[in-house]
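Secondary and tertiary structure notes
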Amino acid sequence: MRHILSYLFVILSITFCSSQLANISDQLDTALTKLYNTGRFNGAVLYAEHGKILFQKSLGVTDITSNRPLTWESSFNLASISKQFVAICVMMLDEKGKLNIDDNVKKYIPELPNENVSIRHLLTHTSGIPDYESLFIQNRSPLDTLDNEKMVKLFVNLKPSTEFEPGTKWNYSNTAYILLAVIIERISKQTLTYFVNENIVKPLGLKHTYVHNVYNSNIPATHVRGFSENDGKRVINDLFYIDGVMGDGNFYASTGDLLNWEQALNTEKLIKKSTLIKVFSPVKLKDGTKYPYGFGWFIDKENEQYSHTGSWVGFKNLIIRDVKNQRTLIFLSSGDNELARNAVRSIFNGSAASIPVTFLITNIRLIDGTNIPAGNVSVRIEGDKISAVGDLKPYKDEIIEDGQGKILAPGFIDTHSHIESSLNRMPEAIAALNQGITTIVSGQDGGSYLMDTLKMRFEKTPRAVNVATYTGHATLREMVMGNHDLNRMSTPEELVKMKNLLAEELSKGSLGLSTGLEYEEGFYASRYEVIELAKVAANAKTRYISHIRSEDVNMSEAIDEIIDIGRIAKLPVQISHLKIALKDEWGTGPALLAKLQSARMDGIDITADCYPYDFWNSTIRVLFPKKNFTSLSGSNYAIDHLFDPFGSVMVRFTPEPSYIGKTIAEIANMRKENIANTLLYLVAAAESYEKDYPEASGIETIMGKSMTDSDIVPFLSWAHTNICSDGAIGGHPRGFGAFTRVLGYYVRDKKIMSLENAIQKMTSLAAEHVGLKKRGVIASGYYADMVLLDPKIVKDNSDIKNPSALSDGILAVWVNGVKVYKDKTSTKKYPGKLLLKE
Ligand SMILES: [Zn+2]
C-alpha cells in the first residue's frame with residue numbers, strides 16, 4: 001500500500017513539474033533578459049529538475065573593467081552560500097570522530113573568551129557571539145587587513161560580551177562560521193583551502209570552485225569581480241580589507257559546480273545520510289521552539305525546501321533546493337541590484353515576478369531641491385522611486401519623456417493645507433497639482449482627522465496627491481471636553497486623556513501636534529496644557545506646529561510662548577503662516593526674525609512657513625483679539641489697527657448671501673451704517689445663525705487685508721522659512737496659486753531670491769520641517785514626486801474674483817512615479833499615499 005501511494009505521488013509531482021516546466025524556463029528567460037536589457041542584471045542562472053539542467057543563462061561581464069563576457073564557467077563569490085560548505089566540512093570531521101558538534105568551542109579555541117558556546121551553536125547561529133565586522137572596523141589600525149586568526153585575537157583582546165545565552169535565540173552570525181573555519185584548520189592541521197580541495201572539490205570533480213581572499217594573487221580567468229552601480233555608473237565593489245577572512249563567505253563557484261554540489265547532497269558522496277538529516281533539520285532552541293535554520297541552510301519548508309542567499313560587496317546570490325520535487329535553482333550575480341534575485345525566487349515558487357518599469361526624463365534643467373545651481377542631467381524613474389540621476393543612456397525600448405529644456409524639480413510639499421477635507425469629492429486634487437504640489441500636510445491650526453479616519457478616507461477614495469497629517473489640539477479637546485465646553489482650561493483628568501489620545505495617534509504615524517491657539521477652541525488652553533501635550537509629541541520624536549495665539553496685538557507674547565514650548569518640551573517647533581497682522585507693527589518683520597534666530601542660537605529648533613499674500617482668510621472673529629465681540633471700541637480698534645475694511649472681502653456669509661464678494665466698506669454702504677457697527681452686526685448675525693442651525697459649518701469667512709510686502713519678503717526669504725499655501729478649495733486664491741505666485745511674482749518678477757532657493761523652500765526644507773523622509777529631493781532612492789515647470793511663464797492666475805483659476809507654467813506633475821497632471825488636466829490617476837511618520 002505504501003508503495004502504491006508513493007508511486008502515485010511521484011506521478012502527481014511529475015505532472016506538476018512538466019506542466020510548470022516550459023513555463024518556468026520561459027518566465028526565467030523573459031524576466032532575466034528584460035532585467036539585463038535594462039541594466040538591472042549581470043549574472044548566471046541555472047534551473048534543474050532531477051539534476052538535469054532545463055534552463056541555463058549567463059548575461060553580462062565577469063569584470064566591468066575588462067568586459068570579458070560571463071559564461072557557465074564563471075566563478076562568483078558565493079558570499080553566505082559559502083556557509084553550507086563549511087558546515088559539511090565540520091560534519092565530515094564529526095563523522096571521523098575528530099570532533100563532536102556538541103563540544104565546547106573552547107576545546108579547540110581555548111583563548112576564546114565566550115563561555116558555553118558549542119560547535120552546534122555556531123552551525124545554527126544560536127551562539128550569541130556578536131558579529132566581527134563593525135568590531136574590526138572600529139578598532140582596526142590603518143592599512144590592517146583581517147584574517148581568521150586575527151579575528152580570533154580581536155575577540156580575545158576586546159572580549160565583547162555574548163549577546164544572549166547560547167542556544168536561547170537565533171541571530172545570524174558571520175563570526176560563528178569563521179570560528180568554524182578556524183576549528184577545521186586547527187583540527188585538520190591543513191589550510192581551509194587544502195581541506196576543501198581534498199574533501200569536496202576533488203571528490204565531486206568541481207572545476208571552478210575555490211576559496212579565495214584578498215591575500216590570494218592566483219586569480220583564474222573565470223573569476224568574477226563584484227561591482228556597484230550609482231546613478232548609472234558602474235564601479236568596482238569587490239573584496240576589501242575585511243576579506244582576508246574565509247568561512248562566512250569567500251568561497252567561489254560557478255552555477256554548474258553548485259549544481260553538482262547540490263546534487264551530492266542527495267547522495268552519500270560527502271557525508272552519510274544520517275548526518276545529512278542533521279544538516280537539514282531546524283535548530284531547537286532551549287525553550288523547545290524550533291527556528292527554520294539547519295547547518296548553513298534556511299528551511300523554507302521542513303523536509304521539502306531549503307534555500308540560502310549570499311550577499312556581499314558587489315554580489316547577490318541565491319540557491320534553492322526543492323527536494324520534494326527534485327528541483328534546483330542557482331542564481332549568481334554581481335552588482336547590487338536585488339530585482340533579479342527576487343524575480344527568480346518568485347518564479348521558482350510559482351508566483352509572477354514583479355519587475356518595476358523604468359522611464360527616463362531627458363532634456364531638462366534639474367533643480368534637485370537642495371539649492372545647488374540647476375544642471376543638465378537626465379533622471380531615471382523605476383517604479384515609484386528615482387533610480388538614477390546623471391548622464392544616462394536610455395535602455396533598449398525604454399520610455400523617454402522629453403523635458404523640452406524646462407526645469408524638473410521635486411514635487412512641492414505644502415506644509416499647511418486645508419484641502420484634505422475636499423479630496424473625497426475631488427481626489428484629482430487639481431488645487432494642489434496646478435501649482436506643483438505633490439504632498440499636502442493636513443491637520444493644521446488645531447483641527448485634524450484621526451489617523452484611522454484618514455486611512456479609511458484614503459482606502460475608500462485614493463487620491464492623486466500624498467497626504468500626511470498632524471494631530472490637532474482642538475480635536476483632542478473636542479474629543480475629551482466636548483464640542484461646546486471649550487472656553488476653559490482642561491482638568492488634570494482631561495489632560496491625561498488628551499495625552500493618551502495624542503500618544504496613540506503619534507504611534508499610528510501622525511507627524512506631531514498642531515495647535516490653533518488664536519481660535520476659541522484652543523485659545524482657552526493654558527500654556528501648561530499645551531506644553532504637556534508637546535512633551536508627548538517630543539517623546540515620540542515628532543514635532544509641534546502652531547497657528548500661534550496672536551498674529552497681531554499680542555504677537556510678541558505668542559512668539560515667546562512657542563519659543564518656550566520648544567525649549568521646555570524639547571522638540572522642533574514651527575510657526576504656521578508667519579505674518580504680522582497689526583498695522584502698527586508693519587515693517588518689524590526683520591526684528592522678529594532676529595528674535596527667532598536668537599532662539600535658534602540658544603538651541604531651539606524653531607522654523608516657519610509662510611504664504612505669499614498680504615491678506616489672510618479666516619473668521620471675522622479673529623478681528624476681536626480680546627474676544628469682545630459686541631464692543632464698539634473693539635470694532636473700532638480692528639478697523640484702525642488690524643485690517644483694511646476697503647480691501648477686505650466677505651468670502652462666505654450664509655445669513656446674507658448678497659454680502660459675499662463685497663468689501664466690508666461696501667457692506668457698510670449697503671447697510672447704510674458705519675463700518676464699526678457693520679462689523680459688530682456681521683459677528684452677531686453669524687453667531688445667531690449658528691445658534692439656529694448648529695449643524696451648519698463655514699457660516700462666515702473673510703479675506704482680511706492686513707499684511708505688507710515689507711514683512712512678507714523678509715519672512716519668505718528667512719533661511720528657516722518654507723513655503724505653504726494654507727489653502728482650501730474656494731475662498732482665498734492661495735488654495736490654487738500660492739506656490740506659483742512665489743515662483744512668478746516673487747522670484748521671476750521681484751527677484752527676491754533665486755529659483756533654486758525658492759524650490760528648496762518648497763521641497764527639501766519643507767520635508768525637513770515636518771519630518772518627512774525620502775521626499776523633496778531629486779536623487780536616487782527618493783520617491784519620484786516631481787514637477788516639470790517653465791520658469792519663464794510660471795504664474796498664479798487665481799484671485800479673489802476667480803480663486804480656482806489654474807496656474808500657468810506647470811507642465812507636468814508626477815506623484816510616486818505616476819504622471820497625474822499634464823496640460824492643466826488631471827490624468828485621472830491616483831497614486832498618492834498616506835505618509836506616516838517614520
Ligand atoms: Zn492658521
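See the structure above.
Rules behind the numbers
- Residues numbered from 1 in each chain as written.
- Predicted model: local features only at pLDDT ≥ 70, side-chain atom pairs only at ≥ 80, totals over all residues.
- Heavy atoms only, no water.
- Helix = DSSP H or I, 4+ residues; strand = E, 2+ residues; numbered from the N terminus.
- Buried < 20%, exposed > 50% of the residue type's maximum accessible area, 1.4 Å probe, protein only.
- Contact = heavy atoms within 4.5 Å.
- Areas by Shrake-Rupley, 256 points an atom, 1.4 Å probe, with all protein chains shown as cover.
- Lys, Arg positive; Asp, Glu negative; His and termini not counted.
- Charge placed at Lys NZ, Arg CZ, Asp CG, Glu CD.
- Pairing = 2+ DSSP bridges.
- Axes fitted to C-alpha atoms, helices over the stretch in contact; angles between N-to-C directions.
- Expected span 1.5 Å × (residues − 1).
- Parallel < 35°, antiparallel > 145°, perpendicular 65-115°, else oblique.
- Nonpolar A, V, L, I, M, F, W, Y, C, P; charged D, E, K, R; others polar.
- Arc of directions from axis to C-beta.
- Donors = N, O, S within 2.8 Å, 3.2 Å for Na, K, Ca; no water.
- Tetrahedral: all angles 85-135°; square planar, octahedral: opposite > 155°, others 65-115°.
- Salt bridge = Lys/Arg side-chain N within 4 Å of Asp/Glu carboxyl O.
- Phe/Tyr/Trp six-rings, centres within 6.5 Å; stacked < 30°, edge-to-face > 60°.
- Polar contact = N/O pair within 3.5 Å; in protein donor to acceptor, adjacent residues only side chain to side chain.

Scanning the chain from terminus to terminus reveals 25 helices and 34 strands. When its C-alpha atoms are laid out on the principal axes, the chain stretches across 110 × 65 × 60 Å. Residue burial in the chain is summarised as follows: out of 838 residues, 58% are buried. A separation threshold of at least 6 residues defines the contact pool for the chain, and within that pool the share at least 24 residues apart is 72%. Carbon and sulfur atoms form 53% of the exposed surface of the chain, whose accessible area is close to 33,800 Å². Side-chain charges of the chain comprise 93 positive and 95 negative groups, with the mean position of each set lying 5 Å from the other.

Here we take up the sheet that holds strand 21 (residues 466–469). The parallel open sheet is built from 3 strands, whose spatial order is 19-20-21. This sheet does not close on itself; its edge strands, each paired only once, are strand 19 (412–414) and strand 21. With strand direction ignored, the average angle separating the axes of adjacent strands in the sheet is 20 degrees. Sheet topology note: the strand 19/strand 20 (residues 437–442) ladder contains 3 bridges and is parallel. Its bridge partner lying in strand 20, Phe412 is registered against Ile437.

A word on helix 17 (residues 555–569). Over its 15 residues, helix 17 runs 21 Å from end to end, which matches the ideal 21 Å to within 8%, given 1.5 Å per residue. Packing partners of the buried residues in helix 17 comprise helix 16 (527–539), strand 24 (543–547), strand 25 (573–575), helix 18 (589–601) and strand 26 (606–610).

In this section: the packing of helix 18 against helix 22 (residues 709–717). Running from amino to carboxyl end, helix 18 crosses helix 22 at an angle of 30 degrees, the nearest separation of the two axes being 8 Å. The angle between the axes of helix 18 and helix 22 places the two elements in the roughly parallel class. Together, Gly589, Pro590, Leu592 and Leu593 of helix 18 and Asp711, Pro714 and Phe715 of helix 22 make up the contact between the two elements. A class-by-class count of the residues in the contact of helix 18 with helix 22 yields 5 nonpolar, 1 polar and 1 charged.

Let us now look at helix 18. The terminal C-alpha atoms of helix 18, which comprises 13 residues, lie 18 Å apart, in line with the 18 Å expected from a rise of 1.5 Å per residue. What helix 18 keeps buried is the set Gly589, Leu592, Leu593, Leu596 and Ala599. An end-on view of helix 18 places all buried positions within 115 degrees of arc, on one side of the element. Seen from the buried face of helix 18, the exposed residues on the opposite side, beyond 90 degrees, are Ala591 and Met601. On its buried face, helix 18 sits against helix 17, strand 25, strand 26 and helix 22. Looking at the residues trailing helix 18, positive phi occurs at Gly603, about 95 degrees.

As summarised here, the arrangement of the 3 strands in space is 3-7-4, forming an open sheet in which the pairing is antiparallel. Edge positions in the sheet fall to strand 3 (76–77) and strand 4 (210–211), since each of these pairs with one other strand and no more.

Turning our eyes to something else, we now look at the coordination of the zinc ion. Of the protein atoms, only Asp445 (OD), Asp445 (OD), His547 (ND1) and His577 (NE2) coordinate the zinc ion, at distances of 2.0 to 2.6 Å. Viewed at the metal, the 4 donor atoms of the zinc ion are separated by angles of 53 to 139 degrees, and the geometry they form is irregular. Ordering the donors of the zinc ion by residue number gives the pattern D-x101-H-x29-H. Taken together, the positions of His547 in strand 24 and His577 in the loop between strand 25 and helix 18 put the pair 30 residues apart, joining distant regions of the chain.

Here we come to the pattern of salt bridges. For the structure shown, the criterion picks out 48 salt bridges. Close ionic contact of Glu262 with Arg321 constitutes a salt bridge, the shortest N to O distance being 2.7 Å. Here the residue Glu262 occupies a position in helix 8 (residues 255–264), and Arg321 occupies one in strand 12 (residues 315–322), the gap between them amounting to 59 residues. Like Arg321, Glu262 is buried. Note that Glu302 is salt-bridged to Lys290, the shortest N-O span being 3.7 Å. A residue pair is termed long-range when its members are at least 10 positions apart, and Glu302 in the loop between strand 10 (298–301) and strand 11 (305–312) and Lys290 in strand 9 (residues 290–291) qualify at 12 residues.

Right, let's talk about the packing of aromatic side chains for a bit. All chains considered together, the criterion is met by 26 aromatic pairs. Arranged with centres 5.7 Å apart and planes meeting at 50 degrees, the rings of Trp170 and Tyr293 form a pair that is tilted. Of this pair, Trp170 sits in the loop between helix 5 (148–158) and helix 6 (174–188) while Tyr293 sits in the loop between strand 9 and strand 10, and the two are 123 residues apart along the sequence. Its relative accessible area of 18% is what places Trp170 among the buried residues. With a relative accessible area of 0%, Tyr293 lands in the buried category. Residues Phe280 and Trp297 carry aromatic rings whose centres are separated by 5.5 Å and whose planes lie at 45 degrees to one another, so their mutual orientation is tilted. One end of the pair, Phe280, is in the loop between helix 9 (273–279) and strand 8 (283–284); the other, Trp297, is in the loop between strand 9 and strand 10, and 17 residues separate them in sequence. Given the relative accessible area of 10%, Phe280 is considered buried. Its relative accessible area of 1% is what places Trp297 among the buried residues. Here a set of aromatic residues connected by ring pairs shows up, and it is made of Trp170, Tyr172, Tyr291, Tyr293 and Phe298.

With phi around 45 degrees, Asp231 is a residue other than glycine that occupies positive phi space. Along the chain, the position of Asp231 falls in the loop between strand 5 (227–230) and strand 6 (233–236). Relative accessible area serves as the criterion here: at 30%, Asp231 is assigned to the partly exposed category. One non-glycine residue, Gln326, adopts positive backbone phi at about 55 degrees.

Relative to the assigned elements, Ile563 resides in helix 17. Exposure remark for Ile563: the relative accessible area of 7% places this residue in the buried category. With 370 residues separating them along the chain, Ile563 and Thr193 place their C-alpha atoms 66 Å apart. Excluding residues that lie within four positions of it along the chain, Ile563 makes contacts with Leu596, Ala599, Ile604 and Ile606.

The next point concerns the pairing of strand 6. Both strand 5 and strand 6 contribute to a ladder of 4 bridges, which runs antiparallel. Each residue of the ladder has a partner; that of Glu229, found in strand 6, is Arg234.

What follows covers the side chain of Ser74. Mapped onto the elements of the fold, Ser74 is located in the loop between strand 2 (52–59) and strand 3. At 2.9 Å, the side chain of Ser74 and the backbone nitrogen of Thr71 are in polar contact. Setting aside residues no more than four positions away along its own chain, Ser74 makes contact with Thr62, Thr222, Val224, Ala253, Ser254 and Thr255.

Without other data, these values stay purely geometric and don't point to any function.
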